[in-house]
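Below are the chains, spelled out letter by letter.
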Amino acid sequence: MNKLTVVMYHYVREIKDSRYPDIKGMEVEDFIKQISFFLENYNIVKMEDVVACSNGILELPVNALLLTFDDGYAEHFNYVYPILKEMNIQGSFFVPVKPVIENELLDVNKIHFILASINNINHLVSDIKSDIELYKNKYHLKSFDEYFSEWAISNRFDNKEVIFIKRMLQHVLPEELRNTLSSKYFSKYVKINEKSFAKELYMNTYQLKQLIRDGMHVGCHGYDHYCWNKLDEKSLQVEIMKSKEFLLSLGCNMQKWTACYPYGSFSDDVASELLVQNCKLAFTTEVKMVDIDNDNKLLYARLDANDFPPKSDNYKKYLNG
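Residues numbered from 1 in each chain as written. Predicted model: local features only at pLDDT ≥ 70, side-chain atom pairs only at ≥ 80, totals over all residues. Heavy atoms only, no water.

### Observations regarding helix H1 (residues 28-41)
Now for step 1: With 14 residues, H1 ought to run about 20 Å at 1.5 Å a step, and its terminal C-alpha atoms sit 20 Å apart, in line with that.
Now for step 2: Among all positions of H1, only Val 28, Asp 30, Phe 31, Gln 34, Ile 35, Phe 37 and Phe 38 are buried. Along the axis of H1, the buried positions cluster into a sector of 165°, meaning they face one direction only.
Now for step 3: Where H1 is buried, its residues touch strand E1 (3-9), strand E2 (12-13), strand E3 (26-27), strand E4 (43-44), strand E5 (64-70) and helix H3 (74-86). (Helix = DSSP H or I, 4+ residues; strand = E, 2+ residues; numbered from the N terminus. Expected span 1.5 Å × (residues − 1). Buried < 20%, exposed > 50% of the residue type's maximum accessible area, 1.4 Å probe, protein only. Arc of directions from axis to C-beta. Contact = heavy atoms within 4.5 Å.)

Okay, structure coming up:
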């Protein structure tokens, strides 16, 4: 039996002492505690081990665990990497290309920091309501009430208002309008130049090359961080190929390249395209353990870092899943 627990991280920073104490992420001190928990209770493996196991070449140890970090944040280099290096652990970092080489802030990050900068979430809901009315005819939009009824549904991490804002600004509204509104709200609430913010937020190519030189794994997270399952066939091919070209420029071993679905946007068609492009493994945001002997290696699931101590004991629900 080759069971694997894959852990997914996003922000890992000194949150309470930062400019954005309301950002949702993991404090560095909690990250250190969590890694200690993993070392005591799991066998942390490398991506290369998981690739070999998926190909029937290697057996994983009991309680195998893989660490993954999404979105290429500079804090991964500044905080995560030194901790992993000191403990002789490999991390796998999935990096969208555009923020790194064009210093363009991803809409998903604009939304996170808008939410972390406002005092009352209802102010932003009201902004969206007003702008839906303003742009209704130009973009043939539904009414605000229709959108809110369909998309304002809470999940295990966010209330319904936050989910509504994320869905509207990430994929529901037309792309051109999403870009316009996310930049408008970023300027209104965060009040920092986007390019300057992007240079602070994401790793640069030098840092990524250093991770690779030091044995860390860097994988594909798209070029523009689009939802892959919403792209047409040609656009998807280009999105993945441009990301692969970037990985090659960093010095990645393209015989063992891996991917992580932006927004968890997997589908059978996307997995088929990854297979055609010789992707070895791909990771979703589906919440369960991985059964390497039976699961599609291009649809491996992950648990969130918040499912483990010191944040919670939610991981126990998935031990037999």
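### Quick look at the pairing of E5
Now for step 1: Most of E5 sits inside the fold, with 7 of its 7 residues counted as buried.
Now for step 2: Neither face of E5 is open: one carries Ala 64, Leu 66, Thr 68 and Asp 70, the other Leu 65, Leu 67 and Phe 69, and all of them are buried.
Now for step 3: Two strands pair when backbone bridges link them, and E1 and E5 are joined in this way by 6 bridges, in the parallel orientation. Directly across from Met 8, in E5, lies its bridge partner Thr 68.
Now for step 4: As defined by bridge partners, E4 adjoins E5 across 2 bridges and the pair is classed as parallel. Pairing of Asn 43 across the sheet is with Ala 64, part of E5.
Now for step 5: Each parallel crossover has a hand, and the one from E4 via helix H2 (residues 47-54) to E5 is right-handed.
Now for step 6: In the sheet, E5 pairs with strand E6 (residues 92-95) via 3 bridges, with the strands oriented parallel. The partner of Phe 69 across the bridge, within E6, is Phe 93. (Pairing = 2+ DSSP bridges. Right-handed = clockwise from strand over helix to strand, strands pointing away.)

Bear in mind that shape data such as this cannot, by itself, settle questions of function.
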